[in-house]
Amino acid sequence: FEDSIENRHFQVYLQPKIGLKSNLLEGAEALVRWNHPQRGIIFPSEFIPLFESNGKICRLDLYVFEEVCAAMERWKQAGLPLVPVSVNLSRQHFRDAGFLDTFAGIASRFSIPDNVLEFELTESIFFDNQQIRTVRQAIQEMHSMGFLCSLDDFGSGFSSLGLLKNLPIDVLKIDSLFFDEGPDRNKDMALVEGIIDMVKKFDIRTVAEGIESMDQVEYLKRIGCDYVQGYVFYRPMPQSDYEALLIQEC
């Protein structure tokens, strides 16, 4: 792990988010691949659970965050538009009350403007009411530091609608399981419509994940979803390919 951190074997890929009103690139999610010198490309599903259990995930999160900040500084200097990029934040960070100071220091070092860096939390971070209070305080601190916050994989586990009331998130990502073509499709669509309609009242923007067809895109546009992320538009891509997209936006 340490050798791969030092030699930058962990590579940051970006998956664009497309705005459904503009049909333009309006954001991206930073994802990590491990380009192992012996095993080749290793996907996060193989190594993230390991790093969650052995405590190395926090170091990896910081590495990815710094890589994103460095890329944003390059784009800014090149005159490219800066759209929000989200980075995943492990629940392990919340064991340290001052963990956000380290992230803020990195963002400051690269002179990253406010509201273009977003932390993604997954619903698995929540266990009890005390945990929710801790995360709520952290989100408020994120906002004071100029960061955005999103809740990822909503609906994939045991999400409580109370989370949406208690957490001042900016973005809700609706899990791809709601968009499977299965026997419960009508129920899934009714739930998606209800979620989107409800969170608009809280000024929360919505992202539909795992979208693979234009029929789904058109449906989501009709019901007021804000963004789409999925193979229908773009797969996760190396930073050079993402920069080419930014150039097209100029």
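Counting its secondary structure elements, the protein contains nine helices and 10 strands. A compact globule built from 250 residues should have a C-alpha radius of gyration of about 18 Å, and the protein, at 18 Å, falls within 12% of that. Seen along its three principal axes, the alpha-carbon backbone of the protein occupies a region of about 50 × 45 × 35 Å. Counting the 250 residues in the protein, one finds 48% classified as buried. Residue pairs at least 24 apart in sequence account for 65% of intrachain contacts in the protein once pairs closer than 6 positions are excluded.

If you walk through the whole model with that rule in mind, you get one cavity of 30 Å³ or more. Approximately 30 Å³ is the volume attributed to the largest cavity. In this structure, the largest cavity is lined by Phe179, Arg185, Met189, Asp215, Gln216, Tyr219 and Leu220. In terms of residue count, the dominant contributor to the lining of the largest cavity is helix α8 (residues 214–222) (four residues). In terms of residue class, the lining of the largest cavity is made up of four nonpolar, one polar and two charged.

Regular strands place their side chains on alternate faces of the sheet. On strand β7 (residues 171–174), burial covers both faces: Val171 and Lys173 on one face and Leu172 and Ile174 on the other are all buried. Where strand β6 (residues 148–154) meets β7, three bridges bridge the pair, whose relative direction is parallel. Bridge pairing links Ser150 to Val171 in β7. Looking at chain direction, β7 and strand β8 (residues 205–209) are connected through four bridges and run parallel. Counted as the bridge partner of Lys173 is Val207 from β8. Handedness of the β7-helix α7 (residues 185–200)-β8 crossover: right-handed.

A separate point is the packing of aromatic side chains. Tallied over the full model, the rule gives 17 aromatic pairs. A cation over a ring is seen here: Arg235 above Tyr231, with NZ or CZ 3.9 Å from the ring centre.

The next point concerns the nonpolar core. The nonpolar side chains of soluble globular proteins are, as a tendency, buried together. Counting 78 residues, the largest nonpolar core has Phe10, Leu60, Phe65, Leu220 and Tyr242 as the members making the most contacts within it. Examining the composition of this core, we find that 11 residues originate from one element, helix α3 (residues 57–77), more than from any other. Among residues more than four places away in sequence, those in contact with Tyr242 are Leu14, Pro16, Leu25, Gly27, Ala28, Trp75, Val83, Val85 and Met237.

Listed as buried for helix α4 (residues 99–109) are Phe99, Leu100, Phe103, Ile106 and Ala107. Along the long axis of α4, the arc covered by the buried residues comes to 120°, so they all point the same way. Looking at α4, the residues exposed on the side facing more than 90 degrees away from the buried face are Ser108 and Arg109. Where α4 is buried, its residues touch α3, β5 (117–122) and α5 (129–144). Positive backbone phi, approximately 55°, marks Ser111, located one or two places after α4.

What counts as what
- Residues numbered from 1 in each chain as written.
- Predicted model: local features only at pLDDT ≥ 70, side-chain atom pairs only at ≥ 80, totals over all residues.
- Heavy atoms only, no water.
- Helix = DSSP H or I, 4+ residues; strand = E, 2+ residues; numbered from the N terminus.
- Rg over C-alpha atoms; globule rule 2.2 N^0.38 Å.
- Buried < 20%, exposed > 50% of the residue type's maximum accessible area, 1.4 Å probe, protein only.
- Contact = heavy atoms within 4.5 Å.
- 1 Å grid on protein atoms, 1.4 Å probe; cavity = no way out; pocket = protein on both sides within 12 Å on 5 of 7 lines; lining within 4 Å.
- Points joined across faces, edges and corners; volume = space filled by probe spheres on them.
- Nonpolar A, V, L, I, M, F, W, Y, C, P; charged D, E, K, R; others polar.
- Pairing = 2+ DSSP bridges.
- Right-handed = clockwise from strand over helix to strand, strands pointing away.
- Phe/Tyr/Trp six-rings, centres within 6.5 Å; stacked < 30°, edge-to-face > 60°.
- Lys NZ or Arg CZ within 6 Å of the ring centre and 35° of its normal.
- Core = buried A, V, L, I, M, F, W, Y, C linked by side-chain atoms within 4.5 Å.
- Arc of directions from axis to C-beta.

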